[in-house]
Amino acid sequence: VQLQASGGGLVQAGGSLRLSCAASGRTISRYTMAWFRQPPGKEREFVAAITYSGGRTYHADSVKGRFTISRQNAQNTVYLQMTSLKPEDTAVYYCAADNRKILSDLATPHYDHWGQGTQVTVSS
């Protein structure tokens, strides 16, 4: 499956953005989907994940209450709605997919498929 992330950009602190991850090559309806981010000079970190049915979502503590992951399997797309953005949210955001993930492993960056990343920059 190929993943294409989009929707990044430059936004002021307190603003909002919605990232999209469009999949092709295979339906993602049986895939766990996730968003990770890599701030400048730092390691890639978990942001959010959603189970293949969309019934369960998980968000990192740093974004809980501000970011929401969702999916539309009919459109083969996953979203990350980001609100109340902070300068520390500045990073390259990546979407990822895996059809063999277990719940205890969702936050580790061991996913089979990755998108190319989209830059999010939050100015203070």
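Up top you'll find the structure we're talking about.
The paragraphs below set out a description of the structure included in this document.

Reading guide: rules and limits
Residues numbered from 1 in each chain as written. Predicted model: local features only at pLDDT ≥ 70, side-chain atom pairs only at ≥ 80, totals over all residues. Heavy atoms only, no water. Pairing = 2+ DSSP bridges. Helix = DSSP H or I, 4+ residues; strand = E, 2+ residues; numbered from the N terminus. Axes fitted to C-alpha atoms, helices over the stretch in contact; angles between N-to-C directions. Buried < 20%, exposed > 50% of the residue type's maximum accessible area, 1.4 Å probe, protein only. Polar contact = N/O pair within 3.5 Å; in protein donor to acceptor, adjacent residues only side chain to side chain. Contact = heavy atoms within 4.5 Å.

### Digging into the sheet that holds strand S3 (residues 17-24)
Note: strands within a sheet are paired through backbone hydrogen bonds, in either parallel or antiparallel orientation.
Thinking step 1. Pairing is antiparallel in the open sheet, where four strands are placed in the order S1-S3-S8-S7. On the outer flanks of this sheet lie strand S1 (2-6) and strand S7 (67-72), each paired with one strand and no other. Pairs of neighbouring strands in the sheet enclose a mean axial angle of 15°, with direction left out of account.
Thinking step 2. Both S1 and S3 contribute to a ladder of five bridges, which runs antiparallel. Among the inter-strand pairings, Leu3 is bridged to a residue of S3, identified as Ala23.

### Some details on the pairing of strand S5 (residues 45-50)
Thinking step 1. Extensive coverage of S5 is indicated by the burial of five of its six residues.
Thinking step 2. Two elements, strand S4 (residues 32-38) and S5, share five bridges in a ladder whose sense is antiparallel. Residue pairing for S5: Trp35 is matched across the bridge by Ala48.
Thinking step 3. What sits between the antiparallel neighbours S4 and S5 is a turn of six residues, in which Gly41 has the positive phi angle 75°.
Thinking step 4. Here three bridges tie S5 to strand S6 (residues 57-59), and the two strands are oriented antiparallel to one another. In the sheet register, Ala49 faces S6, and the bridge partner there is Tyr58.
Thinking step 5. Remark: six residues form the turn of the hairpin made by S5 and S6, two consecutive strands paired antiparallel; Gly54 in that turn has positive phi of roughly 80°.

### Structural notes on the side chain of Thr77
Thinking step 1. Its location among the elements puts Thr77 in strand S8 (residues 77-82).
Thinking step 2. Take Thr77: its relative accessible area is 9%, and that puts it in the buried class.
Thinking step 3. Polar side-chain contacts of Thr77 include one of 2.8 Å to the backbone oxygen of Gln75.
Thinking step 4. When sequence neighbours within four positions are dropped, the list of residues in contact with Thr77 reads Ser20, Cys21, Ala22, Ile28, Arg71 and Gln72.

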